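What the coordinates show
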Amino acid sequence: MELANFRFDVDADGVALATWDMADRSMNVITPQVMEDLGRIVDEVAGDAAIKGCVITSGKESFSGGADLTMLQGLGLAYAQLAKQQGEEAAMRFFFDESRKLSLLYRRLETCGKPFAAAINGVCLGGAFELALACHYRVASDDKATRVGLPEVKVGLFPGAGGAQRVARLMPTGDALQMLFKGEQIRPAAAKSMNLVQEAAPRAEIVAKAKAWILGGGKAQAPWDAEGYRLPSNKVYSPQGMMIWPAANAIYRRETQDNYPAIKAVLHAVYEGLQLPMDLALKVESRYFANILRSPQAAAMIRTLFVSMQELNKGARRPAGVPASVIRKVGVIGAGFMGASVAYVTANAGIEVVLIDRDQEAADKGKAHSHKLMTDQIMKGRAKTADRDALLARITATPDYAALADCDLVIEAVFEDPRVKAEVIAKAEAAMRPDAIFGSNTSTLPITGLAGHAQRPNQFVGIHFFSPVEKMLLVEVILAKQTGDKALAVALDYVRAIRKTPIVVNDARGFYANRCVGNYLREGHLMLMEGVPPAMIENVARMAGMPVGPLSLNDEVAIDLALKIVKATKAQLGDAAVDPVQEKLLVEMVEKQGRLGRKNGKGFYDYPEKGQKSLWPGLKDIAGQRLDPDALDVEELKQRFLVTQALEAARSVEEGIVTDPREADVGSIIGFGFAPYTGGTLSYIDGMGAKAFVALCEKLAARHGPRFEPNALLRDMAAKGETFYGRAAGAKRAA
Ligand code: NAD
């Protein structure tokens, strides 16, 4: 049998092995051609009496990441075109048929009469795991790299090729809904205890085990197709079902604030599907899936969180012509809060680290942070003692700058003081190789100014991490006026090596992310002073789609830091650059009340030693007045939070700080949690159209002041009917 993407062999025992191994791709993905191949495999296995059954595995390091999302993106575009040409109904019919093909194919495999087993090596996600779920038996490799899961909700979709129905029939409804809502990746041992796979075994044995199951008389029937099958949580309309479904609805609301239609759709699909026989249930699931695939939220999330993110990770902004750099050794100067974590993530990527501080004790303290993080991993069973030893052996803690001699890159994370930085730059450069690159992790000092202290300013670049470094995926790479291509390339290669996502921005106060975050915090502060009840501020922010309310967030980053930034802005840019109401609040909190945030147990919240934090009751005296919550316009409060950030992003584009809409969008979601369902700050504007956004800004400006005035770029775009992505594509064509 000729297949483009699989090898197909039948062994002497009559068991077929289909090995998925796509040419020219490092990872298998589901494409129309793969679907065609799978269809032929099913026909062959079902039709040849000499074949007893079939094992599906992968010839790559991983099983597969799932469907080719650009294929799904293309389907959405085809729908829009067809709707224009032949009308909504014809387009919808086409779309439904197309988007259900995979679901039908998997059902055909499941009911073809011959047993299928999946031998899952490595990562197996999304549509690929749905394939495994359609197989009658699953064996996963039990190594560290293996993960199974259905992460579709993370890009605004849900598992619509039968995954939702099968998971809901394999495990208790509550657990299934949680898995579908969260889209988490699951390790092999957990997958086994959740009944998602039947066996977990060493990688070298999984194919043999799958074959043994077939030869041992493995049944070619899914449990739900067998006589007498009972749902794990009983019927929807049963006392047990009624314990689950009303609560499920509430959990949906709590987790999503009703911002994610895909999650609502999966809730519907499971609720309705569990009341139907499998084939009808799959049809219902397909109908919801076709609707979700056409939703603006899915389009925005696929573009930003999959397509753009992948492009940035692959070096979309890397200067052409600079050969790839191999980063073997990195120096980190300043072993404090940030430096210690930068050392950890670097060593964790297998890179040698020299960690420098003012004395041996301080350097050792920074290294101890890696010891603690690795110990936590060991306690969770995610690392072995040998892994910790190996990682620690890669970090040399010392006060001696001479150790920087053979570093390819040196990053400073010393005190935020220009004089200290200047001294450190001079000392480091004297010790470094002449071709090595210097990066600064400053969050507020202009990179161009710091580069002025360097002997080799073209080898100087900003590498701005976000806290906590171990968790935050975003790194802003900041170009000083003098930064050369090699410095940029090395910075991007480094960010890639430590498996984070870079955005490249030009030098300006606050760069990009912190400017937007600053506006978010300010809006929360101003609402507080207007008399909006604090709990309402926090809740409305989450309803708008932000992961944490502005008051909580400010407590985490420290209120005195916010005050410091406001004061520095005033000193540098004049009184008009800060909002006096915000300043008054921050002065009151920090200087009069001594409330600095979580770090001293007192901020906008109180942090008791035991128990949960709660909003500080004294806030009402600071605000002076309290508005009636029932008289407030919740929709407008939500808009204020998103508009203030999106407007700042638009200003960053106008000022040339951010030059690529993909970076503004990706950076906003992974950097500061900007409502992911919008696709990011600029997609939020593009989604409603510049004209509507400008009108919204003007309405807010009239009610709340000039901070909401739209900038000239937005007015111009509104007049011309332009979008940020349209302009970027136009600029690319012109170049
Ligand atoms: P920190 O005070 O925790 O750490 C600074 C470290 O630098 C200290 O260990 C100190 O001993 C060391 N140091 C000072 N002078 C030195 C010298 N001459 N030689 C060697 N070591 C020296 O500060 P931090 O919060 O880690 O911030 C460090 C840098 O990172 C600052 O530029 C800050 O703006 C930036 N940053 C901080 C955050 C954050 O959330 N804290 C986020 C992004 C960037």
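Residues numbered from 1 in each chain as written. Predicted model: local features only at pLDDT ≥ 70, side-chain atom pairs only at ≥ 80, totals over all residues. Heavy atoms only, no water.

In the annotation of an unreviewed UniProt entry, the entry for the chain reads 3-hydroxyacyl-CoA dehydrogenase, and the organism field reads Alsobacter soli. Reading the Catalytic activity (unreviewed entry) entry of the UniProt record for the chain gives the comment "a (3S)-3-hydroxyacyl-CoA + NAD(+) = a 3-oxoacyl-CoA + NADH + H(+)". (UniProt positions renumbered as here; feature names shortened; annotations may be inferred.)

1. What to know about the UniProt feature "domain: 3-hydroxyacyl-CoA dehydrogenase C-terminal" (unreviewed entry) in the chain
The UniProt record marks residues 510–607 with the feature "domain: 3-hydroxyacyl-CoA dehydrogenase C-terminal" (unreviewed entry), using the residue numbering of this structure. End C-alpha to end C-alpha, residues 510–607 measures 29 Å, and it is 65% helix and 2% strand. (Helix = DSSP H or I, 4+ residues; strand = E, 2+ residues; numbered from the N terminus.)

2. Here's the deal with the domain arrangement of the chain
Domain assignment breaks the chain into domain 1 (6–294), domain 2 (329–507) and domain 3 (514–729). The C-alpha-based centres of domain 2 and domain 3 are spaced at 30 Å. Taken together, the two surfaces of domain 2 and domain 3 that pack against each other cover about 950 Å², and 60% of this comes from carbon and sulfur. Taken as a group, L474, I503 and N506 account for 39% of the area that domain 2 buries against domain 3, more than any other trio of residues on that side. Across the contact surface, domain 2 and domain 3 share three residue pairs in polar contact (both at pLDDT 80 or more). Among the elements that make up the side of domain 2 that touches domain 3, the one with the highest residue count is strand β19 (residues 501–506) (five residues). Tallied by class, the residues present in the side of domain 2 that touches domain 3 amount to seven nonpolar, four polar and one charged. (Domains from an automatic or database assignment. Buried area = accessible area lost by both parts, 1.4 Å probe. Polar contact = N/O pair within 3.5 Å; in protein donor to acceptor, adjacent residues only side chain to side chain. Nonpolar A, V, L, I, M, F, W, Y, C, P; charged D, E, K, R; others polar.)

3. What to know about the packing of helix α21 (residues 534–543) against helix α22 (residues 550–557)
Running from amino to carboxyl end, α21 crosses α22 at an angle of 95 degrees, the nearest separation of the two axes being 7 Å. If you check the angle between α21 and α22, you find them roughly perpendicular. On α22, the residues that touch P534, I537, E538 and A541 of α21 are P550, L551 and S552. Partitioned by chemical class, the residues of the contact of α21 with α22 number five nonpolar, one polar and one charged. (Axes fitted to C-alpha atoms, helices over the stretch in contact; angles between N-to-C directions. Parallel < 35°, antiparallel > 145°, perpendicular 65-115°, else oblique. Contact = heavy atoms within 4.5 Å.)

4. What about helix α19 (residues 485–497)?
End to end, α19 covers 18 Å across 13 residues, agreeing with the expected 18 Å (1.5 Å per residue, within 8%). Looking only at α19, the buried set comprises A487, L488, A489, V490, A491, L492, D493, Y494 and V495. Looking one or two residues past α19, R499 carries a phi angle of roughly 60 degrees, positive in sign. (Expected span 1.5 Å × (residues − 1). Buried < 20%, exposed > 50% of the residue type's maximum accessible area, 1.4 Å probe, protein only.)

5. Brief notes about the environment of L305
Looking at the secondary structure, you find L305 in helix α13 (residues 296–313). Along the sequence, L305 and E44 sit 261 residues apart, while their C-alpha atoms lie 38 Å from each other. Excluding its chain neighbours within four sequence positions, the residues that come into contact with L305 are K154, V155 and I669.

6. With respect to the site of the ligand
Taken together, 22 residues lie near the ligand, and M338, D357, E416, K421 and S443 sit nearest. Taking M338, its main chain carries an N or O atom lying 2.8 Å from an oxygen atom of the ligand. Here K421 contributes a side-chain N or O atom positioned 2.6 Å from an oxygen atom of the ligand. Here the ligand, which alone exposes 830 Å², has 79% of that area covered by the protein. Within the residue set of the shell around the ligand, elements represented by two or more residues are α14 (337–348), α17 (418–431) and β17 (460–465). The greatest single-element share of the shell around the ligand, amounting to three residues, is contributed by α17. (Near = heavy atom within 4 Å. Areas by Shrake-Rupley, 256 points an atom, 1.4 Å probe, with all protein chains shown as cover.)

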